[in-house]
Amino acid sequence: ALVTCGTMEKSNIITIGWTGIVNTRPPMTYISVRPERYSHDIIMETGEFAINLTTSAMCRKTDFCGAKTGRKIDKFRECGFHKAPADKISVPLIEECPVSLECKVTESKLLGSHTMFLAEIVGIAIDEKYIDSKGKLNLQQCGLAAYAHGEYFALGRKLGDFGYSVRKKKKKPMPPKK
(Lines give C-alpha, C1' and ligand atoms only; values in the text may rest on other atoms or scores of the structure.)
Protein backbone atom coordinates (compact mmCIF):
# COMPACT_ATOMS: atom_id res chain seq x y z
CA ALA A 1 0.00 0.00 0.00
CA LEU A 2 1.03 3.59 -0.48
CA VAL A 3 0.67 5.49 2.77
CA THR A 4 0.42 9.26 2.62
CA CYS A 5 1.18 11.61 5.50
CA GLY A 6 1.67 15.31 6.13
CA THR A 7 -0.50 18.06 4.67
CA MET A 8 -1.70 19.06 1.20
CA GLU A 9 1.19 21.57 1.07
CA LYS A 10 3.95 19.36 2.50
CA SER A 11 3.28 15.65 2.14
CA ASN A 12 5.06 12.36 1.67
CA ILE A 13 4.33 8.89 0.35
CA ILE A 14 5.81 5.73 1.89
CA THR A 15 5.34 2.20 0.61
CA ILE A 16 4.13 -0.05 3.43
CA GLY A 17 4.15 -3.84 3.44
CA TRP A 18 2.99 -4.25 7.05
CA THR A 19 -0.69 -3.26 7.20
CA GLY A 20 -4.12 -4.77 7.62
CA ILE A 21 -7.54 -4.48 9.23
CA VAL A 22 -7.57 -5.28 12.94
CA ASN A 23 -11.15 -4.55 14.00
CA THR A 24 -14.66 -4.07 12.61
CA ARG A 25 -16.38 -1.91 15.25
CA PRO A 26 -14.85 0.60 15.40
CA PRO A 27 -13.13 0.08 12.05
CA MET A 28 -9.40 -0.05 12.77
CA THR A 29 -6.20 -0.71 10.92
CA TYR A 30 -2.46 -0.52 11.48
CA ILE A 31 0.76 0.23 9.68
CA SER A 32 4.29 -0.54 10.85
CA VAL A 33 7.02 1.96 10.01
CA ARG A 34 10.75 1.92 10.79
CA PRO A 35 11.66 4.86 13.09
CA GLU A 36 14.41 5.99 10.70
CA ARG A 37 11.95 6.51 7.83
CA TYR A 38 11.04 10.11 6.98
CA SER A 39 7.29 9.42 7.34
CA HIS A 40 7.67 8.02 10.87
CA ASP A 41 8.20 11.41 12.51
CA ILE A 42 5.48 13.04 10.39
CA ILE A 43 2.92 10.45 11.54
CA MET A 44 4.12 10.70 15.16
CA GLU A 45 3.66 14.48 15.03
CA THR A 46 0.31 14.69 13.17
CA GLY A 47 -1.36 11.45 14.30
CA GLU A 48 -2.83 10.95 10.84
CA PHE A 49 -2.15 8.97 7.68
CA ALA A 50 -4.00 7.52 4.70
CA ILE A 51 -3.66 4.01 3.30
CA ASN A 52 -4.01 4.14 -0.49
CA LEU A 53 -4.46 0.75 -2.16
CA THR A 54 -2.35 0.35 -5.27
CA THR A 55 -3.06 -1.30 -8.59
CA SER A 56 -0.88 -3.57 -10.69
CA ALA A 57 -0.48 -0.69 -13.17
CA MET A 58 1.03 1.41 -10.34
CA CYS A 59 3.49 -1.28 -9.23
CA ARG A 60 6.67 0.40 -10.52
CA LYS A 61 5.74 3.72 -8.86
CA THR A 62 4.80 1.89 -5.66
CA ASP A 63 8.24 0.28 -5.57
CA PHE A 64 9.88 3.66 -6.29
CA CYS A 65 8.08 5.25 -3.30
CA GLY A 66 9.52 2.53 -1.05
CA ALA A 67 13.05 2.82 -2.40
CA LYS A 68 13.46 6.63 -2.36
CA THR A 69 13.25 8.97 0.61
CA GLY A 70 10.86 11.89 0.88
CA ARG A 71 13.61 13.83 2.66
CA LYS A 72 15.19 14.46 -0.74
CA ILE A 73 12.38 14.31 -3.34
CA ASP A 74 8.69 15.05 -3.79
CA LYS A 75 7.29 11.60 -4.56
CA PHE A 76 3.93 12.99 -5.74
CA ARG A 77 5.73 15.04 -8.40
CA GLU A 78 8.27 12.34 -9.31
CA CYS A 79 5.53 9.71 -9.81
CA GLY A 80 2.98 12.01 -11.43
CA PHE A 81 0.43 11.30 -8.68
CA HIS A 82 -2.31 13.81 -7.98
CA LYS A 83 -3.29 14.88 -4.46
CA ALA A 84 -6.94 14.58 -3.52
CA PRO A 85 -8.29 16.15 -0.34
CA ALA A 86 -9.53 13.79 2.37
CA ASP A 87 -12.85 14.40 4.13
CA LYS A 88 -11.82 13.72 7.75
CA ILE A 89 -8.04 14.23 7.92
CA SER A 90 -5.53 16.82 6.64
CA VAL A 91 -3.47 14.20 4.79
CA PRO A 92 -3.79 14.11 0.98
CA LEU A 93 -5.07 10.98 -0.72
CA ILE A 94 -3.64 9.64 -3.99
CA GLU A 95 -6.24 10.30 -6.68
CA GLU A 96 -5.01 7.41 -8.85
CA CYS A 97 -5.67 4.82 -6.12
CA PRO A 98 -9.08 3.09 -6.29
CA VAL A 99 -9.48 2.95 -2.49
CA SER A 100 -8.10 5.18 0.27
CA LEU A 101 -8.60 4.81 4.02
CA GLU A 102 -8.43 7.96 6.16
CA CYS A 103 -6.83 7.07 9.50
CA LYS A 104 -6.33 8.71 12.90
CA VAL A 105 -3.70 7.17 15.17
CA THR A 106 -5.03 5.89 18.51
CA GLU A 107 -1.81 4.26 19.72
CA SER A 108 1.80 3.86 18.67
CA LYS A 109 4.02 1.10 19.95
CA LEU A 110 7.69 0.41 19.24
CA LEU A 111 7.86 -3.33 18.58
CA GLY A 112 11.56 -3.67 17.74
CA SER A 113 12.52 -2.73 14.19
CA HIS A 114 9.19 -0.96 13.55
CA THR A 115 6.68 1.29 15.30
CA MET A 116 3.14 0.01 14.90
CA PHE A 117 0.61 2.80 14.43
CA LEU A 118 -2.84 1.54 15.43
CA ALA A 119 -5.51 3.77 13.92
CA GLU A 120 -9.24 4.22 13.60
CA ILE A 121 -10.50 4.39 10.01
CA VAL A 122 -12.49 7.64 10.02
CA GLY A 123 -13.20 7.89 6.29
CA ILE A 124 -13.08 5.86 3.10
CA ALA A 125 -12.73 7.15 -0.46
CA ILE A 126 -13.61 4.73 -3.26
CA ASP A 127 -13.63 5.42 -6.98
CA GLU A 128 -17.31 4.90 -7.87
CA LYS A 129 -16.46 3.07 -11.09
CA TYR A 130 -15.34 0.10 -8.96
CA ILE A 131 -18.63 -0.27 -7.07
CA ASP A 132 -20.84 -3.07 -8.42
CA SER A 133 -24.64 -3.18 -8.60
CA LYS A 134 -24.80 -4.61 -5.06
CA GLY A 135 -22.76 -1.71 -3.62
CA LYS A 136 -19.64 -3.85 -3.13
CA LEU A 137 -16.11 -3.09 -4.24
CA ASN A 138 -15.41 -5.08 -7.42
CA LEU A 139 -11.90 -6.37 -6.69
CA GLN A 140 -11.47 -7.99 -10.08
CA GLN A 141 -12.10 -4.68 -11.81
CA CYS A 142 -9.76 -2.71 -9.49
CA GLY A 143 -6.65 -4.69 -10.41
CA LEU A 144 -5.13 -4.35 -6.94
CA ALA A 145 -1.55 -5.34 -6.25
CA ALA A 146 -0.10 -7.15 -3.22
CA TYR A 147 3.38 -7.60 -1.79
CA ALA A 148 4.80 -10.72 -0.13
CA HIS A 149 8.32 -12.01 0.47
CA GLY A 150 9.92 -9.19 -1.54
CA GLU A 151 7.72 -9.69 -4.60
CA TYR A 152 4.67 -7.93 -6.09
CA PHE A 153 1.55 -9.80 -7.18
CA ALA A 154 -1.68 -8.98 -9.02
CA LEU A 155 -4.92 -9.68 -7.14
CA GLY A 156 -8.43 -10.15 -8.34
CA ARG A 157 -9.43 -13.75 -9.02
CA LYS A 158 -12.31 -14.77 -6.77
CA LEU A 159 -11.75 -18.13 -5.08
CA GLY A 160 -14.91 -18.32 -2.97
CA ASP A 161 -16.96 -16.38 -0.47
CA PHE A 162 -17.36 -16.55 3.29
CA GLY A 163 -18.68 -19.93 4.41
CA TYR A 164 -18.35 -21.66 1.05
CA SER A 165 -16.22 -24.43 2.58
CA VAL A 166 -19.00 -25.53 4.92
CA ARG A 167 -22.11 -24.59 2.93
CA LYS A 168 -24.42 -27.46 2.09
CA LYS A 169 -24.80 -28.14 -1.58
CA LYS A 170 -28.24 -27.66 -3.03
CA LYS A 171 -29.88 -30.90 -4.01
CA LYS A 172 -30.92 -31.26 -7.60
CA PRO A 173 -34.67 -31.74 -7.95
CA MET A 174 -35.66 -35.31 -8.72
CA PRO A 175 -37.37 -35.89 -12.04
CA PRO A 176 -41.13 -36.49 -11.72
CA LYS A 177 -42.20 -40.12 -11.42
CA LYS A 178 -43.95 -41.68 -14.43
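Here the structure is a predicted model, which is why all the values come from computation and not from measurement.

Visitor: How should the sheet that holds strand β3 (residues 19–23) be read in this particular structure?
Guide: Pairing between the strands of a sheet is mediated by backbone hydrogen bonds and can be parallel or antiparallel. Spatial strand order, β2-β1-β5-β8-β9-β4-β3: seven strands in an open sheet with antiparallel pairing. Pairing within the sheet leaves two strands with one partner each, and these edge strands are β2 (11–15) and β3. Averaged over all pairs of adjacent strands, the angle between strand axes in this sheet comes to 35 degrees, irrespective of strand direction. Pairing geometry for β3 and strand β4 (residues 28–33), over four bridges, is antiparallel. Across the sheet, residue I21 finds its bridge partner in β4, namely T29. Each of β1 (2–6) and β2 touches helix α2 (residues 59–67); the most contacted strand, β2, lies at about 105 degrees to it.

Visitor: Looking at this structure, how should I read the nonpolar core?
Guide: Generally speaking, soluble globular proteins have nonpolar side chains that are buried together. Counting 16 residues, the largest nonpolar core has V3, I31, F49, I51 and C103 as its most contacted members. Broken down by secondary-structure element, the contributors of at least two residues to this core are β1, β4, α1 (38–46), β5 (48–53), β8 (99–110) and β9 (115–126). For I31, the residues in contact, after removing those within four places along its chain, are V3, I16, W18, T19, I43, F49, I51, T115, M116 and F117. With nine residues, the next largest nonpolar core counts L2, C79, F81 and I94 among its residues.

Visitor: Looking at this structure, I do not really get the environment of V33. What am I missing?
Guide: Considering the arrangement of structural elements, one finds V33 in strand β4. Counting along the chain gives 82 residues from V33 to T115, while the straight-line C-alpha distance between them is 5.3 Å. Residues within four places of V33 in sequence aside, it is in contact with I14, I16, H40, H114, T115 and F117.

Visitor: Is there a simple way to explain unusual backbone geometry in this structure?
Guide: Phi is mostly negative for residues that are not glycine, and the peptide bonds are mostly trans. Following R25, the chain continues into P26 via a peptide bond in cis, with omega recorded as -5 degrees. With respect to the helices, strands and loops of the structure, P26 is situated in the loop between β3 and β4. Phi at H149 takes a positive value of approximately 55 degrees, unusual for a residue other than glycine. Examined against the element boundaries, H149 turns out to sit in the loop between β10 (145–148) and β11 (151–154).

Visitor: I tried to follow α2 on my own but got confused; where do I start?
Guide: For an α-helix, 3.6 residues make a turn, and residues three or four places apart therefore share a direction. Taken together, the buried positions of α2 are C59, T62 and C65. Looking straight down α2, one finds that the buried residues subtend no more than 120 degrees of arc, so they occupy a single side. Pointing more than 90 degrees away from the buried face of α2 are the exposed residues R60 and A67. Lining the buried residues of α2 we find β1, β2, α3 (75–79) and β11.

Thresholds, definitions, all that
- Residues numbered from 1 in each chain as written.
- Predicted model: local features only at pLDDT ≥ 70, side-chain atom pairs only at ≥ 80, totals over all residues.
- Heavy atoms only, no water.
- Pairing = 2+ DSSP bridges.
- Helix = DSSP H or I, 4+ residues; strand = E, 2+ residues; numbered from the N terminus.
- Axes fitted to C-alpha atoms, helices over the stretch in contact; angles between N-to-C directions.
- Contact = heavy atoms within 4.5 Å.
- Core = buried A, V, L, I, M, F, W, Y, C linked by side-chain atoms within 4.5 Å.
- Buried < 20%, exposed > 50% of the residue type's maximum accessible area, 1.4 Å probe, protein only.
- Arc of directions from axis to C-beta.

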